Structure formats: C-alpha cells, structure tokens
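# Breakdown of the fold
Given next are the chains, with one letter for each unit.
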Amino acid sequence: MTSSDPLRDPARCKELLAQIEESVKGSTLRFMEVCGTHTVALFRSGVHSLLPKSVVHLTGPGCPVCVTHESEVAAYLELAGKEGVIIATFGDLMRVPGPGGASLKKAHAEGARVEVVYSPFDALAIARDNPGDKVVFLGIGFETTTPTVAATVRIARQEGLKNFLVMPFHKLVPPALDALLSDPDMAVEGFMLPGHVSAIIGMEPYRPLAERYRIPAVVAGFEPVDLLQAILLMAEMKRQGKPKVINNYKRVVADEGNPKARAIVAEVYKPVDALWRGIGTIPLSGLGFTDAYRAYDAFEVLGVELKASKPLPGCRCGEVLKGIMRPDECPLFGKACTPAQPVGPCMVSTEGSCAAYFKYQIDLNSDR
Amino acid sequence: MSDKILLDQGSGGLASHRLVADVFFKHLGNPILNRMDDAALLNASGPLAVSTDSFTVDPIFFPGGDIGALAVHGTVNDVAMLGARPLYLTCGFIIEEGFAVADLERIVASMGQAARKAKVRIVAGDTKVVPRGTADKIFINTTGIGQVLANPAPSGHRAKPGDAVIISGTLGDHGLTVLSHRQGLSFEAPVQSDCASLNHLTLKLIEALPKVHVLRDPTRGGLATSLNEIAQQSSVGIVLDEPAIPVSDVVRAGCDILGLDPLYLANEGKLICVLPQKYAQQALTIMRRDPLGRQARVIGSVVADRPGKVVLRTGMGGHRMLGMLEGEQLPRIC
C-alpha cells in the first residue's frame, strides 16, 4: 500500500485538514455524501477520524441496496423459488432482509435457483445456457450501473433471447437530491456528489442545487485528497455564502457526462415514479421499460406486482438515509441490528451507512 | 481403466485396488503407506500437533496450484504454525462419479510433489466415489501430524503488548486468483495463488528465535480475520500501519474492480509472526532469506489498548477498525 500517489500524500492531506479547520472555525457544518463508494472511502481512508468535530459528514441515500424499497424486495423474493425461474443478482442483495425474515440467501438454501453475478452479461450467459427457464436479473443501482443493464437488454433483443428478463429497480440520483432538499426535516449544508454517477449524467442535472436550493455541491473522486478537497470546497463556499456546483473530479467526469451511455439507457428505459426505502415515492426517480422493450420487463411477463408492504418493524433506515439520524443513534444499531442479524438494508450492503459505521468506526460512543 | 471415475472404483473391490495402485501408490507411495494395513504404524514421541482440513476449492485447477497441492500445503501449514515439524499426512478423497481419471492423476501427482517438497509422508488414505451430482467434482480431506519442537509452542493466546506483527509477504493472491477464475466471472486478473508449504520457514524461525509468540497462516478470512482472532485470544489490541501492508499492484487493482478488500482474502503461503519487538529485525532477516518470505515486513504492533480489536492506521494518519466479516465478502454493485 504505497503512498507515492499524490492523491494519497499524507502531507497534502494534513495541509487540507488544516485548511478545513481554518475555514469552519466557529461554525458547525453538516455535509452529506450520496454515494456508497464515498461512504466507504471516507471511512477506509480515515477521513472521518481526522475531520474537525464541527464538520459532520452524513451518509445519504447512496447505497443502491439500501434504497431498494421493501415492496421491491418482497417482489423479487416472491419470484425466487418459482418453478422455471432463475434469479440472477449482484451479491449485495443476497442477505437483504424481506418480509418475515426471508432473504435470497435463505431462499437459495431452501432450493430456489439464485445465481450471484458480477455483471448483467453473466446473467445473459445464464439465460443462453438455460433456454427452458426464465432468468430474472435484478436491476438495481444508480445511473452508473444502468447503462450496462440497458446494453445487456439490447443484446438480448438482438439475439432474439426471450428468456432474459429484468426487474427494473434502477434509481436516479438528481430527483432524490431534489426530494431530500424539499424535505423540511433535512438540514444538510453541502453535498459531496457521486463521481461515477456524474461521469454518466454530467453536471447539468445538478444545476438546481445551487440555483434553487442555494446549497454548495462538489463532484468528488475517491482518494483521500479528493475527499478532503471536496469538503474544503464546500466549507469555503458555505463561509463565503456563494453556493456553486463544482466538478472537482475532472480526470474522470466530463461536464457533459457520457451521452453515449445515456442514449442506450434512453432507448431501453424511460423515467417513472419510483419507491425509495424510508422516503417513499419520488416522482420520475426510477426507470421503467419503454414500449419497444416491454418483453424484457419481469413484472409484465411474469405478472408480478409491487404490493404495499409494511416497513420492517423498528427499522429507522429511512431516517438514516435522509441524514436525520446517525446510524449509531438508531436504537437498534449494534444491538438488535448487526451485520449478523440485519434488521434493515443499511446494515447489509458493504456500502450501507450502518454497515460502514459498524465496521469501521473506532469509538461508537464518540461524537462522530 | 475407463477415462472417467466409476462408482465401482470406490467399492473396495478390485476396481478400487486398481485405482489405488495405478494412481495413488504411483504418486504417493512410501513404505508406510504401501503396507496397506487397516491403519498406519507410526513412531513418535513427545508433544504432537494434529490438524485436519477439508478442501473443496472451486475451480480445482488454478494458476499457481490445484486442490491437491492445496490439500497438502494447507494442512502442513496448520501443523507448522504450532512450532511443529510436520511428519505425516492422511488423505481422504470424495470423488464425483464421472470425474476424469486424468484430472485425478494430475491432482494426486501434485499432492505427491507438494508432500516431497514439504518432506512429509502420506501414510493413510481413503477413496469414496459418490453418484454424479452428489458432490462437486472432488473433495479432499487431509489430516497432518507433526512433532512440536518449540517449547512453549507458539499460540494465538500468547501475543503480548509490545510485540511486533510481521507478515511474510503480499496478501490476497490466493483469494483473488480463485475468485477471478471461478466460473461465471468475466474478470481474469493475471494473478497466481501463493499456495506453498511454510514448514521449512517456520522451522528456521523457531530454531533461531525461541521467543516467537504467535505463528498463524492467514487463510480463509485473510489477514484481518486472523489478527482479530489473535487479538481476541490474547486479549490485546493490534495496531496496523496500512502503508506497510504488502499487497501487489495486480491484487490491489483486481480488488478495486470487484469491490473486495485484500485484507480479507485468503492466503495459502503466508504467515503472521508475532514476537517481541527486539527480535523483529532478526525474524525479518530469516524470512527474507527464504524464497517464501522475500517480502516480509513489520506491519504493526500489539498494544494493551482496545483488547480484542484491530485498528488500522491509514496512510493519511487516520484510524479505522479492521473487524471480522460477517459472512463471505460480497462484491459490490457500483
């Protein structure tokens, strides 16, 4: 683990930390990251343990597993174990608890055909190898993941493959930011914007953050220097009262994003209202199939519906996702809810805010 | 002989005998095994170390090794970590009907080679063939017996505040190799398993340094899990210096892509050595002279604070916990 990389340079980090301290003097700031990879990077690099106490960095709805709604979980669990159905999923979903303590891991142990894949292309291969079965890929994830799923669906159509289906649980980041900022309970003063998502969608969708909500926002990379620079930029904008949306990850994120990837998504999917765990329905924050691709919609082909479902009893994941509550402030945290016995999804995914807190935080009783 | 393993060959009858002679004795034979009595007659005195392990790795062949070599190295290493000289191994095979005889021979030959290199003898064995579909290709169990030379024997309970924590080389190589060659994963990193028997290296260490407190090979669960076990067994804290932990660039890049942490990936040819700080340099010198310890480094120290916990000091000077994983590592989504 060399630190010859200037983006991990300890001296540069020290300098940035001193500048942050100087900038926030006398004020308390609450920032939020909305990307699971940032959540993990902030802990793994040790940034959390080094920030001044007056800077609180909250974890927003950035983990795709965590925001997947309980009704969506119930819907795919209903399919698991059905005759002639193979569920293909990213590994993170295996342990997500559903109604009555069900999960894909348990369904698998009981004989359901569930395959963990690393890419939707692997799911397509399973469909080719099992022509007599329906292979249902669980399409969860944000704008980063969606283009690959859309491309896979397009290939399935080109090949005339009829047994590859997708449950479109995709979510869009900008409508979620909008919903968070419209929530009167929210008290976030700056957004660390996701690096990978922004590489697809570009800077334009973030414009309302500064213009309408007057909130500083910075697109950030994932190295320690990236993270600290973003925090410093937010603190400085806050101090000067000049909120802007800054792209501080230009080595990866082009201002116009990736139009080619967006075009593939637009061919296969169209924006639809979507359910977010703990938040509820956010208008036009998800993706459904366009008419031309309806034959790949697992909901339609297999006659599955999203049913109203009760939130998990006692689970406060919703408040954690909105940054209203720190993971360790949840009464279940570390007691009834642990990675061994997760009550809510935030404790399951490696990028879940509660799981990250549980895993990395040194003193759970400290102020951060 | 058919080119596929048949149920007959696990029956104990003539077909079994032919398989034993043509494959097992050919590669593993030695005077003790060849007697073919119901049990092996061994001579040993003094304290013994015994360890058993079952091997079910998928894929069974991977860059740097195969299930046969692994079955020898894995058990040899477990015995060696007690400060013992591994002497004998037993092996039990469960083979799926229809398994290619050529593959079996390749695996057994590889076991023979690994055993000769480790200077251990395979003294007892058993073969069962099960109907197709009731086992995945081949499973191997090995049990190892060794003579304990260190007194007191190194143990996970003996780490003391002030000790240095040394690792013999880069981490995650075996785990990433196996994961990236598993069926259905369209990612193949140019990595190779580190699987190797460490008993010659451990012997040099305990002969020169009777003060070695802990030896442990960080297999399943990786460095992070092994150190947590040691911290808990010894009721001490362990502080690691992240920049000092050796991970190859290929493993690091592969882990970044798959969302895995190399500190939780299995190793099959690495050891953790915990001993008083003043002997650390000497231990490093011994390790670095051995081909299996060229990249040995001091990666941290044992402290009295936070008993049972492992804390990582990051490159930029921050701290975070390095806990145990709940289950297997799940690749992340984005």
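Counting starts from 1 at the beginning of each chain's written sequence and moves along it residue by residue. Numbering of ligands from 1 and lettering of chains from A proceed in the order in which they are written. Two thresholds apply to this predicted model, a pLDDT of at least 70 for residue-level local features and 80 or more for giving and counting side-chain atom pairs, whereas whole-chain, interface and lining totals are computed over all residues.

### Points about the overall build of chain A
Summing up its helical and strand segments, chain A has 16 helices and eleven strands in all. With respect to the principal axes defined by its C-alpha atoms, chain A has extents near 65 × 45 × 45 Å. Each residue is represented by a C-beta atom placed from its backbone, and any two residues with such atoms within 7 Å are regarded as in contact. Considering only residue pairs separated by 6 or more positions, chain A has 77% of its internal contacts joining residues 24 or more positions apart. In this text, helices come from DSSP runs of H or I with a minimum length of four residues, and strands from runs of E with a minimum of two, each type numbered from the N-terminal end.

### Regarding the overall build of chain B
From N to C terminus, chain B includes nine helices and 13 strands. Expected size for 334 residues packed as a compact globule is a radius of gyration near 20 Å; at 21 Å, chain B falls within 12% of this value. Residues counted as buried form 50% of the 334 residues belonging to chain B. In chain B, 85% of the contacts between residues at least 6 apart in sequence involve partners at least 24 apart. Put simply, the radius of gyration uses C-alpha atoms, and a globule should come to 2.2 Å times the residue count raised to 0.38. In this scheme every C-beta is placed from the backbone, and a residue whose C-beta has 20 or more other C-beta atoms within 10 Å is buried, one with 12 or fewer is exposed, and one in between is partly exposed.

### Here we look at the sheet that holds strand S2 (residues 55–59) of chain A
All names here are of chain A. In space, the five strands of this open sheet follow the order S2-S1-S7-S8-S9, with parallel pairing throughout. Each edge of the open sheet is held by one strand with a lone partner, namely S2 and strand S9 (245–247). Geometrically, the sheet is characterised by an average inter-axis angle of 20° between neighbouring strands, direction not taken into account. In this description, strands pair whenever DSSP reports at least two bridges between them. In terms of strand pairing, strand S7 (residues 190–193) meets strand S8 (residues 217–219) through three bridges, oriented parallel. Along S8, the bridge assignment pairs Phe191 with Ala217. Lying on the sheet, helix H2 (residues 36–44) is in contact with strand S1 (29–33), S2 and S7; it crosses S1 at an angle near 120°. Every axis in this analysis is a line fitted to C-alpha atoms, fitted for helices over the stretch in contact. Angles between the N-to-C directions lie between 0 and 180 degrees.

### Focus on the sheet that holds strand S5 (residues 121–130) of chain B
Residues and elements named next belong to chain B. Taken in spatial order, the four strands line up as S1-S6-S4-S5 in an open sheet, and their pairing is mixed. Across the chains shown, the open sheet's two edge strands, defined by having one partner strand only, are strand S1 (48–55) and S5. In this sheet, adjacent strand axes meet at a mean angle of 15° when their direction is disregarded. Relative to strand S6 (residues 138–148), helix H3 (residues 67–80) is tilted by about 30°, and along the sheet it contacts S1, strand S4 (84–96) and S6.

### Considering the domain arrangement of chain A
Residues and elements named next belong to chain A. When cut into domains, chain A gives domain 1 (6–56 + 175–245), domain 2 (65–172 + 257–302) and domain 3 (317–358). Domain boundaries shown here were taken from an automatic or database domain assignment. Distance between the C-alpha centres of domain 1 and domain 3: 22 Å. Taken together, the contact pairs eleven residues of domain 1 with eight residues of domain 3. The element best represented in the side of domain 1 that touches domain 3 is H2, accounting for five residues. Residues are grouped as follows: nonpolar covers Ala, Val, Leu, Ile, Met, Phe, Trp, Tyr, Cys and Pro; charged covers Asp, Glu, Lys and Arg; every other residue, Gly included, is treated as polar. Among the residues making up the side of domain 1 that touches domain 3, the classes are represented as six nonpolar, three polar and two charged.

### Description of the packing of helix H6 (residues 199–208) of chain B against helix H9 (residues 280–289) of chain B
Residues and elements named next belong to chain B. It is at 10 Å that the axes of H6 and H9 come closest, and there the two elements cross at 150°. Of the possible angle classes, the one that applies to H6 and H9 is roughly antiparallel. Between H6 and H9 lies a crossing whose hand is right-handed. Only Gln282, Ala283, Ile286 and Met287 of H9 make contact with H6, whose side of the interface consists of Leu201, Lys204, Leu205 and Ala208. Residue composition of the contact of H6 with H9, by class: six nonpolar, one polar and one charged. Between 65 and 115 degrees an angle is taken as roughly perpendicular, under 35 as roughly parallel, over 145 as roughly antiparallel, and anywhere else as oblique. Here a crossing is called left-handed whenever its near helix is offset anticlockwise from the far helix by less than a right angle, and right-handed whenever the offset is clockwise.

### Section: the domain arrangement of chain B
All names here are of chain B. Assigned domains within chain B: domain 1 (7–148) and domain 2 (163–321). The C-alpha-based centres of domain 1 and domain 2 are spaced at 27 Å. Every contact between the two is made by 22 residues of domain 1 and, on the other side, 22 residues of domain 2. Secondary structure elements with two or more residues in the side of domain 1 that touches domain 2: H3, S4 and helix H4 (101–118). The dominant element in the side of domain 1 that touches domain 2, judged by the number of residues it contributes, is H3, at eight residues.

### Brief notes about helix H5 (residues 70–79) of chain A
Residue and element names in this part refer to chain A. Most of H5 sits out of view: seven of its ten residues are buried. By the burial criterion, the buried members of H5 are Glu70, Glu72, Val73, Ala75, Tyr76, Leu77 and Leu79. Where H5 is buried, its residues touch strand S3 (85–89), helix H6 (104–109), strand S5 (134–139), strand S6 (164–168), strand S10 (269–276) and helix H14 (298–302). Positive backbone phi, at 95°, marks Gly81, one or two positions downstream of H5.

### Let's talk about the interface of chain A and chain B
Each partner contributes residues to the interface: chain A has 41 residues there, and chain B has 26 residues. Of all the elements in the fold, those that place two or more residues in the side of chain A that touches chain B are helix H1 (10–24), H2, helix H3 (47–50), helix H4 (64–67), helix H7 (120–129) and helix H16 (353–360) of chain A. Looking at the side of chain A that touches chain B, its residues break down into 20 nonpolar, 15 polar and six charged.

### A few points about the environment of Lys162 of chain A
Inspection of the secondary structure puts Lys162 of chain A in the loop between helix H8 (146–159) and S6. Once the C-alpha coordinates of Lys162 of chain A and Ala295 of chain A are considered, the two residues, 133 residues apart in sequence, prove to be 7.8 Å apart.

### Notes on the confidence of the model for chain A
Across chain A, the average pLDDT comes to 91, with 97% of residues at 70 or higher. pLDDT gives the predictor's per-residue confidence on a scale running from 0 to 100. The model gives residues 364–368 of chain A a pLDDT under 50, and that stretch makes five contacts with residues more than four places away or in other chains.

### Points about the environment of Gly98 of chain A
All names here are of chain A. Position of Gly98 relative to the elements: it lies in the loop between S3 and H6. As a C-alpha pair, Gly98 and Leu312 span 214 residues in sequence and 8.0 Å in three-dimensional space. Not counting the four nearest positions on each side in its chain, Gly98 is found in contact with Val73, Ala74, Leu77 and Ser103.

### Quick look at the confidence of the model for chain B
Close inspection of predicted coordinates is inappropriate for parts of the model with low pLDDT. Chain-level pLDDT for chain B is 92 on average; 95% of the residues reach the 70-or-more range. Interface predicted TM-score (ipTM) for the complex: 0.74; the corresponding pTM is 0.84.

### A few points about the pairing of strand S11 (residues 280–289) of chain A
Across seven bridges, S10 of chain A lies against S11 of chain A in antiparallel orientation. Its bridge partner lying in S11 of chain A, Trp276 of chain A is registered against Gly280 of chain A.

### Some words on the nonpolar core
Joined through C-beta atoms within 7 Å, a set of buried Ala, Val, Leu, Ile, Met, Phe, Trp, Tyr and Cys residues constitutes a nonpolar core. Membership of the largest hydrophobic core comes to 126 residues, with the highest contact counts inside it found for Ile87, Val135, Val136, Phe191, Val218, Leu228 and Ile231 of chain A. No other element matches the ten residues that helix H12 (residues 224–240) of chain A contributes to this core. Listed in part, the 95 residues of the second largest apolar core include Ala69, Ala224, Leu240 and Val310 of chain B.

### With respect to the packing of H7 of chain A against H8 of chain A
All names here are of chain A. Orientation of H7 relative to H8, taken along the N-to-C sense of each, is 25°, at an axis distance of 9 Å. Regarding the angle of H7 to H8, the classification is roughly parallel. Relative to H8, H7 is oriented so that their crossing is right-handed. Side by side, H7 and H8 meet where Pro120, Phe121 and Leu124 of the first sit next to Thr148, Val149, Thr152, Ile155 and Ala156 of the second. For the contact of H7 with H8, the residue count by class is six nonpolar, two polar and no charged.

### Considerations on H1 of chain A
Residues and elements named next belong to chain A. In a helix, the anticipated span is given by 1.5 Å times the number of residues less one. Over its 15 residues, H1 extends 21 Å from the first C-alpha to the last, a length consistent with the 21 Å expected when each residue adds 1.5 Å. Restricting attention to buried positions, one finds in H1 the residues Cys13, Leu16, Leu17, Ile20, Ser23 and Val24. Each buried residue of H1 lies within a common arc of 125° when the element is viewed along its axis, so the set occupies one face. Along H1, the residues that are exposed and aim more than 90 degrees away from the buried face are Ala11 and Ala18. Tucked inside the fold, the buried residues of H1 contact S1, H3, S2 and H12. Looking one or two places after H1, you find Gly26, whose phi comes out positive at around 85°. Here, the arc refers to the directions that run from the helix axis to the C-beta atoms.

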